[in-house]
Amino acid sequence: MHQQATPNHQDDFKLKDTHPKLGERWPHGGIRGGGGWISSDRATSTYDLVEQMYYLYVRVVKGKDLQVNPVTGSCDPYVEVKLGNYRGKTQHFEKRTNPEWKQVFAFSKDKIQSSVLEVYLRDREMVGRDDYVGKVVFDMNEVPTRVPPDSPLAPQWYRLEDRHGQSKVRGDIMLAVWMGTQADEAFPEAWHSDAATVQGEGVFSVRSKVYVSPKLWYLRVNVIEAQDVETPDKTQLPQVFVKAQVGNQILKTKLCPTRTTSPFWNEDLIFVAAEPFEEQLVLTVENKASPSKDELVGRVTLPLTTFEKRLDHRPVHSRWFNLERFGFGALEGDRRHELKFATRIHLRACLEGAYHVLDESTMYVSDTRPTARQLWKQPIGILEVGILSAQGLLPRKTKDSRETTDAYCVAKYGLKWVRTRTILDSFNPKWNEQYTWEVYDPCTVITLGVFDNCHLGGAERSAAAKDSRIGKVRIRLSTLETDRIYTHSYPLLVLQTSGLKKMGELQLAFRFTCLSLANIIYLYGHPLLPKMHYLHPFTVSQLDTLRYQAMNIVAARLGRAEPPLRKEVVEYMLDVDSHMWSMRRSKANFFRIVSLFSGIMSMSRWLGEVSHWKNPVTSVLVHILLFILICYPELILPTVFLYMFIIGLWNFRFRPRHPPHMDTKLSWAEAAHPDELDEEFDTFPTSKQQDIVRMRYDRIRSVAGRIQTVVGDMATQGERFQSLLSWRDPRATSLFVILCLIVAVALYVTPFKMVVLVAGLFFLRHPRFRSKLPSVPSNFFRRLPARADSML
């Protein structure tokens, strides 16, 4: 039975420790007949972060000299592998007596209910039952066990037997049969008995796969100028702009401010392109004939391979390109092909290899390397992740009038995406698959998501269906201790219009291995992104647009793989909707700011209590400390840093023991109003009715009004500081300038220790010597003018 509804206990939203039996465990003992576990601190196989799963593998290679049907005079052979109630079939070949199948079948040992493995060779018939040709039978007790990383088992020829197994028949079949684990290299491509019900193209979507993101480049096109621009209307000079297109990305230059046949722009247009370069750069020069009409003047199409690749900020050579002319063919007839002056455009274009093309949010970036491989540094560590299982998943669809879930897990780090196999019809799937990534920067994040597979074949609607999201987990590598194995169960939380919902739990085991501690320490003093991002940065709006285009390209390219990693999966993993407005997220960010300043506020409250003598003992001790620091001023900075050292050591006892996970309270996911959630999941542009949109618009206006007031107050305080010396208020500036002169003379003749002592004693004076009215400096500052007077 699966878990029902949303749990009420807050602990269900938290991380849990697990204790899985990780590592290699073999039925016939470990190394040299040990006690069952491989007798070493760390297992020799790469599969030491997952629980062991056993499979019976059957590799069907080929057949030879097969018997033909005496009626048809031919043989259309295929092989059927039968183990208990499970049957797997190879493809069939028409009219071939020496076929080659090269297929692997895997049967889960937990579900084996037979002591005999039967391999049948059959002849496919178009009408009626397929003919029996021969069989080979294996006793399960005689099947050898292969221990990875041993080499694969060599297949052997077996003579076919008749139906009763009493005599041999004509024909041989080459087979290899062994017992192995999920660490076997045959595992990813094998036909699995767990997925026996999947038909057609759906067979490919249930297997585990590794994907590589396309190599992304920034294409910088500097449109400098054009010459000999002509328009059909000879009576007036053209006023033109340039439109550039790469795939679905369209950018325009500004309209040339003057009417001329030689317009000048000198504008940069930035695009995202992916290798292999399938799109072309299409440039069109258009004339603004009227406010509502643009005339095409000329066009040029340039393949991206014509542009050089730049690895630094050195200048790139500019080039002139002739445009194909538009609008003159009907009038000039055959004169189109005569040699004449053509409109030319002056470009400086290059593919930027020294930037990192962001296809994910910088908050959750998993890769910071530049595009050009020549600029990559050596890896500083290895990340190994064991995707063990999921527990208590909720049903995601109905199949044959019963609720079910076909779950698979996707992990993304750097350029490498991995997808586990799909476990059919299970609310507690066990994958036990392990993957490895090279780490180039520890301040990066790996993202794992669990999805329900809706593309298993056998249904006409499956092509249009979308794989529904079950939940997501993020792990920041810099929060992990090196060489430690973490085994945790992560809650899979999804925010829906009905509220926060726990969809189940994902059990993971992971380890971050450090290859070079010196390199990690070196990286902490360097910028996160390549230096070109800081020498020649993009604007914030440019980065947002380019990231959105990069995500679209990655989703499109991975969607063309076989099997495809679908668009909805890639977008969820890359947080495509993170920039959308959300009342809940705005509240969460506001309270994050409040908690950020809580330490400063508590410190100021403590100082206020000391200065008002709420606790006389503390106030006396602060007076003593003040006198010590005045007598020995050289102790001030050492004392401050010593206190920070002691606080750091004290906090070491309370350091977090688990990697951070989604905090539902911090996200305001539990307290979100239903209408706020409905607004967050609304489409863009909105699909709601007019009265709902008006209500939400008014709410945003009220929130924006409060933000506007706060920002205005901050600007006012800053402008008052500026007006101290700007003579905007002549009397106030005169008073301040004279005061500055008096203070300068006083500080010159008075020892600095005495100044600090008097200031400290004045601040710490007893309440009976205080006035309840604001101080003179505060009154003076609040009377200073700000530029708010000049605002409409």
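None of the values given here were measured: they were computed from a predicted structure.

1. Structural notes on a nonpolar patch on the surface
At step 1: A contiguous nonpolar surface patch, about 630 Å² in accessible area, is contributed by Val617, Val620, Leu621, Ile624, Ile628, Tyr632 and Leu635.
At step 2: When you line up the elements, tyrosine 632 lands in the loop between helix H9 (616-631) and helix H10 (636-652).

2. Some remarks on the UniProt feature "transmembrane region" (unreviewed entry) in the protein
At step 1: Following the UniProt record, one finds the feature "transmembrane region" (unreviewed entry) at residues 508-525, 590-608, 620-652 and 735-764.
At step 2: With 88% helix and 0% strand, the stretch residues 620-652 has end C-alpha atoms that lie 31 Å from each other.

3. Focus: unusual backbone geometry
At step 1: For the bond from glutamate 275 to proline 276, the omega torsion is -10°, close enough to zero to count as cis.
At step 2: Structurally, proline 276 can be placed in the loop between strand S15 (264-274) and strand S16 (280-290).
At step 3: Residue glutamate 562 is joined to proline 563 through a cis peptide bond whose omega torsion reads 0°.
At step 4: Its identity as a non-glycine residue notwithstanding, tryptophan 613 has a phi of 55°, on the positive side.
At step 5: Here tryptophan 613 lies in the loop between helix H8 (598-611) and H9.
At step 6: With relative accessibility at 23%, the residue tryptophan 613 sits in the partly exposed group.
At step 7: The residue tryptophan 727 is not glycine, and still its phi comes out positive at about 60°.

4. So, the pairing of strand S27 (residues 430-439)
Successive residues of a regular strand alternate their side chains across the two faces of the sheet.
At step 1: For S27, a buried count of seven out of ten residues is recorded, marking the element as mostly surrounded by other parts of the structure.
At step 2: When strand S22 (residues 381-391) meets S27, the two strands line up antiparallel, connected through eight bridges. By the bridge assignment, glycine 381 is partnered in S27 with valine 439.

5. A look at the sheet that holds strand S1 (residues 16-17)
At step 1: The sheet built from five strands is open, its strands ordered S1-S30-S31-S22-S27 with antiparallel pairing. Pairing within the sheet leaves two strands with one partner each, and these edge strands are S1 and S27.

6. Remarks on the packing of aromatic side chains
At step 1: All told, the structure shown has 19 aromatic pairs when counted by the stated rule.
At step 2: Of the aromatic side chains, those joined through ring pairs into one cluster are Tyr55, Tyr57, Trp178 and Phe187.
At step 3: Positioned over the ring face of tryptophan 376 is arginine 369, at 4.1 Å from the centre of the ring.
At step 4: Sitting over the face of the ring of tryptophan 437, lysine 416 holds its NZ or CZ atom 5.4 Å from the ring centroid.

7. Re the sheet that holds S16
At step 1: Pairing in this open sheet of five strands is antiparallel, and the strands run S14-S13-S16-S17-S20 from one edge to the other. Two strands bound the open sheet, and with one partner strand each, they are strand S14 (249-252) and strand S20 (324-325).
At step 2: Across two bridges, the pairing between strand S17 (residues 293-303) and S20 is antiparallel. Bridging from a neighbouring strand, arginine 299 pairs with glutamate 324 of S20.

8. Observations regarding the nonpolar core
At step 1: Judged by nonpolar contacts, the single largest core of 68 residues is most densely connected at Trp417 and Leu448.
At step 2: The element best represented in this core is helix H5 (residues 540-558), accounting for seven residues.
At step 3: The contacts of leucine 448, once residues within four sequence positions are left out, are Val385, Ile387, Cys409, Val410, Ala411, Gly471, Lys472, Val473, Ile475, Leu506, Leu508 and Met573.
At step 4: The next biggest cluster of nonpolar side chains, apart from the first, holds 29 residues, and it includes Val221, Val229, Val246 and Trp265.

9. Some remarks on helix H7 (residues 583-596)
At step 1: With 14 residues, H7 should cover 20 Å at 1.5 Å per step; its first-to-last C-alpha distance of 20 Å lies within 8% of that length.
At step 2: Taken residue by residue, H7 has Met583, Arg584 and Ala588 as its buried positions. Buried positions in H7, seen along its axis, are confined to an arc of 135° and lie on one side of it.
At step 3: The inward-facing, buried residues of H7 contact strand S30 (485-496), helix H11 (674-680) and helix H12 (690-722).

10. Describing the pattern of salt bridges
At step 1: Going through the model one piece at a time under the given rule, you end up with 36 salt bridges.
At step 2: For arginine 314, the salt bridge identified is with glutamate 308, shortest N-O distance 3.5 Å.
At step 3: Between arginine 421 and glutamate 433 there is a salt bridge, with its nearest N and O atoms 2.8 Å apart. Pair noted here: arginine 421 is in the loop between strand S26 (416-419) and S27 and glutamate 433 is in strand S27, with a separation of twelve residues, a long-range link.
At step 4: Residue classification places glutamate 433 among the buried residues on the basis of a relative accessible area of 1%.

11. A word on H9
At step 1: In a regular helix each residue adds 1.5 Å, so 16 residues correspond to 22 Å; H9 covers 23 Å between its end C-alpha atoms and thus fits that length.
At step 2: Residues of H9 that are buried: Ser619, Val622, His623, Leu626 and Ile630. One face of H9 carries all of its buried residues, which in axial projection span an arc of 105°. Turned more than 90 degrees off the buried face of H9, the exposed positions are Val617 and Leu621.
At step 3: Elements in contact with the buried residues of H9: H8 and helix H14 (752-763).

12. Here's the deal with the pairing of strand S28 (residues 445-452)
At step 1: Among the eight residues that make up S28, eight are buried, leaving the element largely enclosed by the rest of the structure.
At step 2: On S28, burial covers both faces: Val445, Thr447, Gly449 and Phe451 on one face and Ile446, Leu448, Val450 and Asp452 on the other are all buried.
At step 3: As defined by bridge partners, strand S25 (residues 407-413) adjoins S28 across six bridges and the pair is classed as antiparallel. Considered in S28, the bridge of valine 410 is made with glycine 449.
At step 4: Of the strand pairs in this sheet, S28 and strand S29 (residues 468-476) are connected by eight bridges, and their pairing is antiparallel. Bridge pairing links aspartate 452 to serine 468 in S29.

13. Points about empty space enclosed by the protein
At step 1: Per the counting criterion, the structure on display carries two cavities of 30 Å³ or more.
At step 2: Counted as a void, the largest cavity has a volume near 110 Å³.
At step 3: Surrounding the largest cavity, Ala190, Trp191, His192, Asp194, Ala195, Val198, Val203, Val206, Arg207, Arg421, Thr422 and Ile423 form its lining.
At step 4: Of the residues that constitute the lining of the largest cavity, the class distribution is seven nonpolar, two polar and three charged.

14. A look at the confidence of the model for the protein
Low pLDDT marks regions whose predicted coordinates should not be analysed in detail.
At step 1: With 92% of its residues at a pLDDT of at least 70, the protein reaches an overall mean of 83.
At step 2: Counting contacts from residues 28-44, a segment whose pLDDT is below 50, to residues more than four positions away or on other chains yields 24 contacts.
At step 3: Here residues 328-339 is modelled with pLDDT under 50, and outside its nearest four sequence neighbours on either side it reaches seven contacts, counting other chains as well.

15. Here's the deal with the side chain of glutamine 549
At step 1: You can see glutamine 549 is positioned in helix H5.
At step 2: Among residues more than four places away in sequence, those in contact with glutamine 549 are Gln249 and Val272.

16. What to know about the environment of proline 232
At step 1: Among the secondary structure elements, proline 232 is positioned in the loop between strand S12 (216-227) and strand S13 (240-246).
At step 2: Here the alpha-carbon distance between proline 232 and glutamate 295, two residues 63 residues apart in the chain, equals 9.0 Å.

17. Things to note about the side chain of glutamine 249
At step 1: Among the secondary structure elements, glutamine 249 is positioned in strand S14.
At step 2: By relative accessible area, glutamine 249 is classed as buried at 7%.
At step 3: In this structure the side chain of glutamine 249 is engaged in a polar contact, spanning 2.7 Å, whose partner is the backbone oxygen of valine 272.
At step 4: Residues within four places of glutamine 249 in sequence aside, it is in contact with Ala244, Phe271, Val272, Gln549 and Ile553.

How each quantity is defined
Residues numbered from 1 in each chain as written. Predicted model: local features only at pLDDT ≥ 70, side-chain atom pairs only at ≥ 80, totals over all residues. Heavy atoms only, no water. Patch = residues over 30% accessible without salt bridge, like charges linked within 9 Å, V, L, I, M, F, W, Y side chains within 5 Å. Areas by Shrake-Rupley, 256 points an atom, 1.4 Å probe, with all protein chains shown as cover. Salt bridge = Lys/Arg side-chain N within 4 Å of Asp/Glu carboxyl O. Helix = DSSP H or I, 4+ residues; strand = E, 2+ residues; numbered from the N terminus. UniProt positions renumbered as here; feature names shortened; annotations may be inferred. Buried < 20%, exposed > 50% of the residue type's maximum accessible area, 1.4 Å probe, protein only. Pairing = 2+ DSSP bridges. Phe/Tyr/Trp six-rings, centres within 6.5 Å; stacked < 30°, edge-to-face > 60°. Lys NZ or Arg CZ within 6 Å of the ring centre and 35° of its normal. Core = buried A, V, L, I, M, F, W, Y, C linked by side-chain atoms within 4.5 Å. Contact = heavy atoms within 4.5 Å. Expected span 1.5 Å × (residues − 1). Arc of directions from axis to C-beta. 1 Å grid on protein atoms, 1.4 Å probe; cavity = no way out; pocket = protein on both sides within 12 Å on 5 of 7 lines; lining within 4 Å. Points joined across faces, edges and corners; volume = space filled by probe spheres on them. Nonpolar A, V, L, I, M, F, W, Y, C, P; charged D, E, K, R; others polar. pLDDT = per-residue confidence, 0-100. Polar contact = N/O pair within 3.5 Å; in protein donor to acceptor, adjacent residues only side chain to side chain.

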